[in-house]
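One letter stands for each residue in the lines below.
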Amino acid sequence: MLSRRRCFAAAASRIRPLARAFCGAPASGAPRSQDHSHTKKVAGVKAPPDVLDVAIVGGGMVGLAVACALSNMPLTKHLKTAIIDSNPALKSRGYLDKNSTPDSRVSTVTPATISFFRDIGAWEHVQQQRHAFFGKMQVWDYTGLGYTRYNARDVGKKYLGCVVENKVLCNSLLLRLKEELDDIENVIYPTRLVSLTFPLKSRQAGMKPASSEPLSIGHTTEELHCSNLVKLDLSDGRMLYSKLVIGADGSKSNVRQIASIKTTGWNYPQSAIICTVEHVVENDCAWQRFLPSGPIALLPIGNNFSNIVWTMSPEESLRHKSMSPEEFVKSVNHALDFGYGPHPRSTALDHYMEQFFSGIGNTATSTKECFEVPPKATGVVSERMAFPLSLMHSHDYVSKRLALVGDAAHTVHPLAGQGVNLGFGDAAALAKVIAEGVSVGSDVGDLTLLQRYEKDRKAANVAMTAVLDGFQKMYSVDFGPLNIVRAAAFHGAQYISPLKKSIISYAMGDKKWPLFP
């Protein structure tokens with residue numbers, strides 16, 4: 001009966017009131033009912049499949065953010081939405097223990113992401129769980145030829161970012177969804193996507209088309225309507241129809257592969273090892289040192305804990321993963337302190353540059369800050385995890401009735417912690433475009449509408465991808481002349497205040513383009 005209501009509600013606008021009266025469908029903007037039947041059998045007869053407005057494949061951070069944004073906006077909260085993911089963590093319904101050992105998997109969220117979380121009502125739940133703001137950052141090179149300090153006060157802010165465990169971000173979004181929806185259990189389908197069948201009109205090479213059987217004779221109005229939607233077959237045998245499918249299922253996206261969307265990218269000759277370490281004192285600064293094999297980052301996570309993200313060769317990552325805890329801690333301290341090269345020291349050139357550039361714009365607070373040695377790790381308190389690094393970018397983010405977000409559309413090097421922030425930017429932009437379409441009565445799966453999302457996000461994501469890839473290549477070569485160029489870059493970022501402020505604003509998500517006002 002619910003499917004029949006949706007089908008009639010999709011009738012032409014001039015007969016929509018009559019269809020609504022006949023089917024008993026709620027008026028547009030009325031409180032949404034998420035009473036999914038999940039295709040049960042009644043009296044031995046299989047119930048009609050659920051018909052959705054939006055089907056989100058992937059219940060990770062970005063997929064949940066899209067669902068949360070749609071459920072929070074007045075124009076889209078009536079849309080019938082489903083999340084398809086078999087992850088048992090989606091059953092979590094309470095706050096996570098602040099006193100437990102922090103998980104290895106964390107994200108550094110920018111002020112722009114925090115603002116998005118506040119807008120959708122999820123940030124208040126993050127604040128009830130473990131998180132760590134930081135207002136300072138230090139970046140330096142193993143050669144000892146230069147360093148850069150950044151301070152939130154340089155751009156008039158209280159913090160540069162916040163380190164949050166991935167499970168806390170997911171849990172906060174789930175808690176917010178629970179507040180917005182009557183029955184969240186009926187929104188989450190704990191299963192996997194098997195196949196997608198696209199309408200004939202939107203068929204592309206490699207896509208599985210809908211049946212070519214003529215639909216004008218011998219078919220119900222419901223069947224006629226569903227023939228223009230995407231059919232989703234699930235691993236538990238259930239079947240759904242949706243006006244829009246959002247692929248939020250990660251870098252190896254099943255949705256992207258089924259839709260035959262091509263990608264460009266390559267594997268880096270590097271892996272990243274991540275874990276949580278402990279200190280004697282609390283760490284309140286983000287640290288990153290570029291080593292010959294790749295950068296190592298030390299990120300505050302609160303309660304005297306920090307997260308390590310260390311890029312190195314795959315062979316070295318295996319060796320570090322199998323080290324004893326004592327050997328690993330010693331190696332971390334070596335890499336963050338005196339290992340591979342000396343500490344940067346102030347020279348006459350630094351004093352000259354500080355004096356020369358002091359008259360250009362308002363001097364940033366951090367230009368006078370000296371190099372500091374990071375706090376030493378005293379123990380490793382979590383599992384050490386290693387994963388290969390790669391760059392990937394989809395040629396298309398959208399097709400008719402399909403949109404990709406987050407890692408399904410792009411993956412970047414983790415050296416600046418920007419990957420998840422790009423994904424949250426996608427979530428915010430796509431939800432906004434859907435709301436704009438609903439406001440003028442557009443089909444949420446209309447290609448012209450979805451292309452506005454692609455146009456907005458692709459340019460910004462390509463720019464960030466290029467910047468991060470450039471950094472990876474620039475700092476992966478140990479070559480004398482190039483070392484001097486890197487040193488000059490560090491000095492410029494440290495002493496040229498307008499440049500420093502522009503870098504900070506771009507990294508915080510306040511600007512779409514680097515180095516431009």
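Residues numbered from 1 in each chain as written. Predicted model: local features only at pLDDT ≥ 70, side-chain atom pairs only at ≥ 80, totals over all residues. Heavy atoms only, no water.

In the annotation of an unreviewed UniProt entry, the chain is listed under the name Ubiquinone biosynthesis monooxygenase COQ6, mitochondrial and assigned to Miscanthus lutarioriparius. Taken directly from UniProt, the Sequence similarities (unreviewed entry) text for the chain runs: "Belongs to the UbiH/COQ6 family." (UniProt positions renumbered as here; feature names shortened; annotations may be inferred.)

Overview of the packing of aromatic side chains
What characterises a pair of aromatic rings is the spacing of the ring centres plus the angle enclosed by the ring planes. One pass over the structure, following the stated rule, counts 10 aromatic pairs. Through successive ring pairs, a cluster of aromatic residues spans Phe116, Phe117, Trp123, Phe133, Tyr159 and Phe424. (Phe/Tyr/Trp six-rings, centres within 6.5 Å; stacked < 30°, edge-to-face > 60°.)

Digging into the environment of Ser382
Looking at the element boundaries, Ser382 is found in the loop between strand 18 (379-380) and strand 19 (385-394). Of the residues examined, Ser382 reaches a relative accessible area of 17% and is grouped as buried. Sequence separation between Ser382 and Thr101 is 281 residues, and the spatial gap between their C-alpha atoms is 7.3 Å. If we skip the residues at most four places from it in the chain, Ser382 touches Pro102, Ser104, Cys275 and Thr276. At 2.8 Å, the side chain of Ser382 and the backbone nitrogen of Thr276 are in polar contact. (Helix = DSSP H or I, 4+ residues; strand = E, 2+ residues; numbered from the N terminus. Buried < 20%, exposed > 50% of the residue type's maximum accessible area, 1.4 Å probe, protein only. Contact = heavy atoms within 4.5 Å. Polar contact = N/O pair within 3.5 Å; in protein donor to acceptor, adjacent residues only side chain to side chain.)

Some words on the pattern of salt bridges
Close approach of charged atoms lets side chains of opposite charge pair. On inspection of all chains with the given rule, the structure shows 19 salt bridges. Between Arg176 and Glu180 there is a salt bridge; the shortest N-O distance is 2.8 Å. Residue Arg176 and its partner Glu180 are both found in helix 6 (residues 166-180); the two are separated by 4 residues, about one turn of the helix. Classification of Glu180 as partly exposed rests on a relative accessible area of 22%. Across the pair Arg457 and Asp426 runs a salt bridge, and its minimum N-O distance is 2.8 Å. Pair noted here: Arg457 is in helix 13 (residues 447-474) and Asp426 is in helix 12 (residues 419-439), with a separation of 31 residues, a long-range link. (Salt bridge = Lys/Arg side-chain N within 4 Å of Asp/Glu carboxyl O.)

Examining the environment of Glu383
One can find Glu383 in the loop between strand 18 and strand 19. What makes Glu383 exposed here is its relative accessible area of 55%. Through-space distance from the C-alpha of Glu383 to that of Cys275 is 6.1 Å; in sequence the pair is 108 residues apart. With near-sequence residues (within four places) excluded, Glu383 lies in contact with Ser104, Ile274 and Cys275.

Considering helix 3 (residues 61-72)
The end-to-end C-alpha distance of helix 3 is 16 Å, a good match for the 16 Å that 12 residues give at a rise of 1.5 Å each. Counting buried residues along helix 3, 12 of its 12 residues qualify, which places the element largely inside the surrounding structure. Turning to helix 3, its buried residues are Met61, Val62, Gly63, Leu64, Ala65, Val66, Ala67, Cys68, Ala69, Leu70, Ser71 and Asn72. (Expected span 1.5 Å × (residues − 1).)

Some points on the pairing of strand 19
One ladder, built from 9 bridges, connects strand 14 (residues 263-278) with strand 19; its direction is antiparallel. Paired with Thr263 across the two strands is Ser394, which belongs to strand 19. When strand 19 meets strand 22 (residues 410-411), the two strands line up antiparallel, connected through 2 bridges. Bridging across to strand 22, His393 finds its partner in His410. (Pairing = 2+ DSSP bridges.)

Topic: the pairing of strand 12 (residues 230-234)
With 4 of 5 residues buried, strand 12 lies mostly within the body of the structure. Judged from the 4 bridges that link them, strand 11 (residues 193-197) and strand 12 form a sheet pairing that is antiparallel. By the bridge assignment for strand 12, Leu193 is matched with Leu234. Pairing between strand 12 and strand 13 (residues 239-247): 4 bridges, direction antiparallel.

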